[in-house]
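# Understanding the architecture of this molecule
One-letter residues, chain by chain:
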Amino acid sequence: MEIYDRQLRSLNTEYDSGIVQTRFGKTHVITAGNKSGKPLVIFHGGNSTNPYNLKAFLPLLENFRIYAPDTLEMVESVFKHVDVKAEMPRNAHRDELAGFNAPVMVIAAARDVLFPGRKVLKRAGEIFPKLEKSILLDESPHMYFNNKSDRDRVNRLLGEFFI
């Protein structure tokens with residue numbers, strides 16, 4: 001909990017933090033940004049914390065109200081001190097996403113050894129009914145936001161997509 005809280009404080013921005021009930025169970029949500037801005041939901045990766053992921057999206061806080069839920073497993077780990085098994089997420093299937101009608105943009109990194117960009121974009125085209133934009137970051141590794149030019153590009157693309 002100490003690391004999580006320290007990362008949250010390091011955002012140096014105003015935020016709300018609370019537990020919400022979902023049909024899958026309780027989860028923790030961080031809310032930040034422009035209270036009049038368009039809502040934007042972001043999800044962190046399985047091997048990251050929510051505050052660490054949110055840091056990459058700080059430039060969007062001026063125009064968006066960001067909702068950043070923790071995964072249910074992360075909440076159990078952080079708030080109930082349960083060990084989470086380290087494993088890759090399972091693949092989604094087209095039939096599971098058939099009712100998801102929101103526009104989708106997928107950004108993938110070409111040099112990502114865990115989720116190879118070209119394969120990710122091919123799979124996204126197969127499973128998302130409303131895939132509107134696929135972007136490959138040609139020179140990026142798995143942690144794209146460690147590179148300032150990629151981070152700036154991704155934030156620009158997200159801003160353009162959601163506005």
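Keep in mind the model is a prediction, meaning the values are calculated, not measured. (Residues numbered from 1 in each chain as written. Predicted model: local features only at pLDDT ≥ 70, side-chain atom pairs only at ≥ 80, totals over all residues. Heavy atoms only, no water.)

### A word on the pattern of salt bridges
Inspection of every chain in the model, using the stated rule, returns seven salt bridges. As a salt-bridge pair, D16 and R65 come within 3.1 Å of each other at their nearest N and O atoms. With D16 in strand β1 (residues 15-22) and R65 in strand β4 (residues 64-69), the pair connects residues that are 49 residues apart, well separated along the chain. Note on D16: relative accessible area 40%, which makes it partly exposed. Among the residues examined, R65 registers a relative accessible area of 9% and is labelled buried. With its nearest N and O atoms 3.2 Å apart, the salt bridge here joins E160 to R156. Of this pair, E160 and R156 both sit in helix α6 (residues 148-162), four residues apart, which is roughly one turn of the helix. Each of K122, R123 and E126 takes part in a single network of salt bridges with overlapping partners. (Salt bridge = Lys/Arg side-chain N within 4 Å of Asp/Glu carboxyl O. Helix = DSSP H or I, 4+ residues; strand = E, 2+ residues; numbered from the N terminus. Buried < 20%, exposed > 50% of the residue type's maximum accessible area, 1.4 Å probe, protein only.)

### Brief notes about α6
Three- or four-residue spacings in an α-helix give side chains the same orientation, since the helix completes a turn every 3.6 residues. The end-to-end C-alpha separation of α6 is 21 Å, in line with the 21 Å expected for 15 residues at 1.5 Å each. Buried within α6 are the following residues: D150, V154, N155, L157, L158, G159 and F161. Where α6 is buried, its residues meet β4, β5 (104-109) and β6 (131-137). (Expected span 1.5 Å × (residues − 1). Contact = heavy atoms within 4.5 Å.)

### Details of a nonpolar patch on the surface
Taken together, the side chains of V41, F43 and Y67 define a hydrophobic patch exposed on the protein surface, amounting to about 320 Å² of accessible area. Looking at where F43 falls in the secondary structure, it is placed in the loop between β3 (38-41) and α2 (50-55). With relative accessibility at 62%, the residue F43 sits in the exposed group. (Patch = residues over 30% accessible without salt bridge, like charges linked within 9 Å, V, L, I, M, F, W, Y side chains within 5 Å. Areas by Shrake-Rupley, 256 points an atom, 1.4 Å probe, with all protein chains shown as cover.)

### Some thoughts on the nonpolar core
Residues I42, F57, L60 and I66 are the most contacted members of the largest nonpolar core, which totals 22 residues. Going through the elements one at a time, α1 (2-9), β2 (25-33), β4, β6 and α6 are the ones with two or more residues in this core. At four residues, the largest contribution of residues to this core is made by α6. Ranked by size, the runner-up nonpolar core spans six residues in total, among them A108, L121, A124 and L136. (Core = buried A, V, L, I, M, F, W, Y, C linked by side-chain atoms within 4.5 Å.)

### Comments concerning the confidence of the model for the chain
Per-residue pLDDT for the chain averages 82, and the proportion of residues at 70 or more is 84%. Element-level mean pLDDT values for the chain span from 51 in helix α3 (residues 72-80) up to 93 in β6. Counting contacts from residues 80-85, a segment whose pLDDT is below 50, to residues more than four positions away or on other chains yields six contacts. (pLDDT = per-residue confidence, 0-100.)

### Digging into the sheet that holds β3
The strand order across the open sheet formed by four strands is β1-β2-β4-β3, and the pairing between neighbours is mixed. Each edge of the open sheet carries a strand with a single partner, namely β1 and β3. When the angles between neighbouring strand axes are averaged without regard to direction, this sheet yields 25 degrees. Summarising the sheet, β1 and β2 pair through eight bridges and their orientation is antiparallel. In the sheet register, S17 faces β2, and the bridge partner there is I30. (Pairing = 2+ DSSP bridges. Axes fitted to C-alpha atoms, helices over the stretch in contact; angles between N-to-C directions.)

### Quick notes on the side chain of S140
With respect to the element layout, S140 can be found in the loop between β6 and α6. Relative accessible area serves as the criterion here: at 0%, S140 is assigned to the buried category.

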